[in-house]
Amino acid sequence: MQLFATAVVDYHHRMSIDQTPRFHYRLGLNQPAASPTVRRIAELAEAIRRETDGDFLVDVFPESRLGPDPKMFANMRSGALEFFMAGATLGDVAPTSALPLLPFAFRDSKTVFAALDGALGDQIRGELATNGIHAFRHCLQNGFHHLTTSTRPINTAADLAGLKIRSPGGAIARDFFAAFGAEAGYVPFNQMYEALKARDFDGQSDPLGVVLSLKLYEVQTYLSLTAHWWSGFTLLANAAAWHALPQEIQQVVERNAEKFALLQRDDIEQVNAGGAEELASRGMTVNTADIDSFRAELGPFYTRWREKAGPATWRLLESYAGEIG
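Position numbers for residues start from 1 in each chain and track the written sequence from start to end. Where totals are concerned, whole chains, interfaces and linings use all residues; where local detail is concerned, this predicted model gives features only for residues with pLDDT of at least 70, and gives and counts side-chain atom pairs only at 80 or more. Calculation of side-chain values draws on the structure's entire complement of heavy atoms; hydrogens and water are dropped beforehand.

Novice: How do you make sense of the environment of Glu277 when you look at a structure like this?
Specialist: Checked against the element boundaries, Glu277 lands in helix α11 (residues 275-281). Exposure is judged per residue with a 1.4 Å probe applied to protein chains only, and the accessible area is read against the type maximum: over 50% gives exposed, under 20% gives buried, and values in between give partly exposed. Residue class for Glu277 comes out exposed when judged on its relative accessible area of 65%. For the pair Glu277 and Thr313, spaced 36 residues apart in sequence, the C-alpha to C-alpha distance is 38 Å. For the purposes of this entry, the term helix denotes a DSSP run of H or I that reaches at least four residues, the term strand denotes a run of E that reaches at least two, and both are numbered from the N terminus.

Novice: In this structure, what is going on with the packing of helix α5 (residues 119-129) against helix α14 (residues 311-321)? I would like to understand it.
Specialist: If you want to describe how two helices pack, look at the angle between their axes and the distance between the axes. All axes are obtained by fitting lines to C-alpha atoms, using only the stretch in contact for helices, and the reported angles, taken between N-to-C directions, cover 0 to 180 degrees. Where α5 contacts α14, the axes come no closer than 9 Å and their chain directions differ by 140 degrees. Looking at the two axes, α5 sits oblique to α14. Here Ala119, Leu120 and Gln123 of α5 come into contact with α14, specifically with Thr313, Leu316, Leu317 and Tyr320. In the contact of α5 with α14, the residues fall into 5 nonpolar, 2 polar and no charged. When describing relative orientation, an angle under 35 degrees is termed roughly parallel and one over 145 degrees roughly antiparallel, while 65 to 115 degrees is termed roughly perpendicular and anything else oblique. Note on definitions: a residue-residue contact is assigned when non-hydrogen atoms from the two residues lie within 4.5 Å. For this scheme, ten residues count as nonpolar: Ala, Val, Leu, Ile, Met, Phe, Trp, Tyr, Cys and Pro. Four count as charged, namely Asp, Glu, Lys and Arg, and the remainder, Gly too, count as polar.

Novice: Help me understand the pairing of strand β1 (residues 23-28) in this model?
Specialist: Each regular strand carries side chains that alternate between the two faces of the sheet. A pair of strands is treated as paired once DSSP finds two or more bridges between them. By the bridge criterion, 6 bridges tie β1 to strand β2 (residues 56-61) in an arrangement that is parallel. Across the sheet, residue His24 finds its bridge partner in β2, namely Leu57. When the strands point away from the viewer and the path from the first strand over the helix to the second turns clockwise, the crossover is right-handed. Handedness of the crossover joining β1 and β2 through helix α2 (residues 36-51) is recorded here as right-handed. Here β1 runs beside strand β3 (residues 83-86); their pairing, made up of 2 bridges, is parallel. Paired with Leu27 across the two strands is Phe83, which belongs to β3.

Novice: What is the right way to read unusual backbone geometry from this model?
Specialist: In most cases, non-glycine residues show a negative phi, while peptide bonds are predominantly trans. In this structure, Asp53 takes a positive phi of about 55 degrees despite not being glycine. Tracing the chain through its elements places Asp53 in the loop between α2 and β2. Although it is not a glycine, Glu63 sits at a positive phi angle of roughly 60 degrees. Structurally, Glu63 can be placed in the loop between β2 and α3 (69-78).

Novice: Which parts of the structure should I look at to understand the layout of surface pockets?
Specialist: To find leftover empty space, a probe the size of one water molecule is rolled over the atoms. Taken as a whole, the largest pocket encloses approximately 1,000 Å³ of empty space. A cavity here means a set of 1 Å grid points, computed over protein atoms only, where a 1.4 Å probe fits but cannot escape. A pocket is an open set with protein on both sides within 12 Å along at least 5 of 7 lines, and lining residues have an atom within 4 Å of a point. Lining the largest pocket are 50 residues; nearest its centre among them are Gly87, Ala88, Thr89, Leu90 and Gly91. Listed by contribution, the elements that provide at least two residues to the lining of the largest pocket are α3, α5, α6 (171-178), β11 (230-238) and α13 (299-309). A total of 6 residues in the lining of the largest pocket trace back to one element, the largest contributor, which is α5. Of the residues that constitute the lining of the largest pocket, the class distribution is 25 nonpolar, 16 polar and 9 charged. Grid points are joined across faces, edges and corners, and a volume is the space filled by probe spheres set on the points.

Novice: Looking at this model, I keep getting lost on the nonpolar core. Mind explaining?
Specialist: In a soluble, globular protein the nonpolar side chains are often hidden away together inside. Among the nonpolar cores identified, the biggest contains 54 residues, and Leu102, Leu128, Leu160, Phe176, Phe177, Leu236 and Phe294 are the most heavily contacted of them. In this structure, Leu160 is in contact with Leu147, Arg152, Ile154, Ile165, Phe177, Phe180, Gly181, Ala182 and Phe294, ignoring residues within four places of it in sequence. Core analysis: the next-biggest nonpolar cluster, separate from the first, contains 29 residues, Phe23, Ile41, Phe83 and Phe260 among them. By convention a nonpolar core is built from buried Ala, Val, Leu, Ile, Met, Phe, Trp, Tyr and Cys residues, the set being connected through side-chain atoms within 4.5 Å.

Novice: Could you clarify how one ought to interpret the side chain of Thr226 in this entry?
Specialist: Looking at the element boundaries, Thr226 is found in the loop between β10 (222-225) and β11. A relative accessible area of 4% means that Thr226 is categorised as buried. Among all residues touching Thr226, those that are not within four sequence positions of it are Phe104, His145, His146, Leu147, Ala289, Ile291 and Phe294.

Novice: Before we go on, may I ask you to explain the pairing of β10 in this structure?
Specialist: Two strands pair when backbone bridges link them, and strand β6 (residues 146-149) and β10 are joined in this way by 3 bridges, in the antiparallel orientation. In the sheet register, Thr148 faces β10, and the bridge partner there is Leu223. The pairing of β10 with strand β12 (residues 285-288) spans 4 bridges and is parallel. Note on β12: the bridge partner recorded for Leu223 is Val286.

Novice: I'm lost on the environment of Pro95 in this one. Help?
Specialist: Mapped onto the fold, Pro95 is located in the loop between β3 and α4 (109-116). For Pro95, a relative accessible area of 53% puts it in the exposed group. Separated by 213 residues in sequence, Pro95 and Lys308 place their C-alpha atoms 9.0 Å apart.

Novice: Sorry, what's going on with the packing of aromatic side chains here?
Specialist: How two aromatic rings sit relative to each other is given by the distance of their centres and the angle of their planes. Only Phe, Tyr and Trp rings are paired, with Trp represented by its six-membered ring, and only when their centres lie within 6.5 Å; those with planes under 30 degrees apart are stacked, over 60 edge-to-face, the remainder tilted. Across all of its chains, the model carries 15 aromatic pairs by this definition. On the numbers, 5.1 Å between centres and 80 degrees between planes, the contact of Phe136 with Trp242 is edge-to-face. Of this pair, Phe136 sits in the loop between β4 (133-135) and β5 (140-144) while Trp242 sits in helix α9 (residues 239-243), and the two are 106 residues apart along the sequence. Here Phe136 and Trp242 have matching classes, each one buried. Members of the aromatic cluster, joined through ring pairs, are Phe104, Phe176, Phe177, Phe180, Trp229 and Phe294. Lysine and arginine charges are scored as sitting over a ring when NZ or CZ, respectively, is within 6 Å of the ring centre and within 35 degrees of the ring normal. Cation over ring: Lys164 sits above Phe201, and NZ or CZ is 5.1 Å from the ring centre. Above the face of the Trp305 ring, Lys308 is positioned so that its terminal group lies 4.1 Å from the ring centre.

Spelled out as structure tokens, the structure:
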């Protein structure tokens, strides 16, 4: 898979040399080149090239090759980068985008996607549009987060006290870990392995597919199954760059963005479903955490975030997720 993903990206690079497309854009993301996510994004770029007869070329740069997420996001907003696949980096410009990360809000990915493909997603996309960002309707899957640690397993919420956890960033993550006496820290995705190896962090929060793709089982001892929140990826475009494309090219991109997002969702769902067993076979000690011990400490947390969201947005969230808190 590594060779395939790299070959597609390199193929796009050769195409950019061998012919001059009418439109030539770049797409940056942080995921490993060998991941199902990059494979589907590379297939998306190839489908766009093929269906536009080479008029529109999209070069794909995985593994934060264009910089860490905050830099890519800033460059996309300024127009220095045309496409960016965002994770938890949108809260400052689209406050509603943080809500799907609320701990223990959603029970499964299907419910999350119903919200994000529907009215909750419409509100997020509207907030992004007012900030000069075109968001594609169908986001991609990352999945439910669990905790890995090098120091001790997380059996109850009390086991988090005093630990430093690498998280995707954002206010919800900081607030969540602080509720249990832990510190949330950030390091770019492509530096996480080395940071955990150096014990700059005691552990990290990510879906099982990420733990596998980054080989974090080599630098983490324990996997504690918590499913504490869900995260995904949103494909974004600089609005000016997007509107510069002719309508017929936009239609090709939109159609294929939906097609490959849906395929990627299924890919990652399957990887995550078998992740715990695979990680146990690679030497990790796996336990299922006591989720009730987490929920018991989150009353003030939910109150704060309900107030921040406002009653109308909170009702919209609960119309998909059910009662929260």
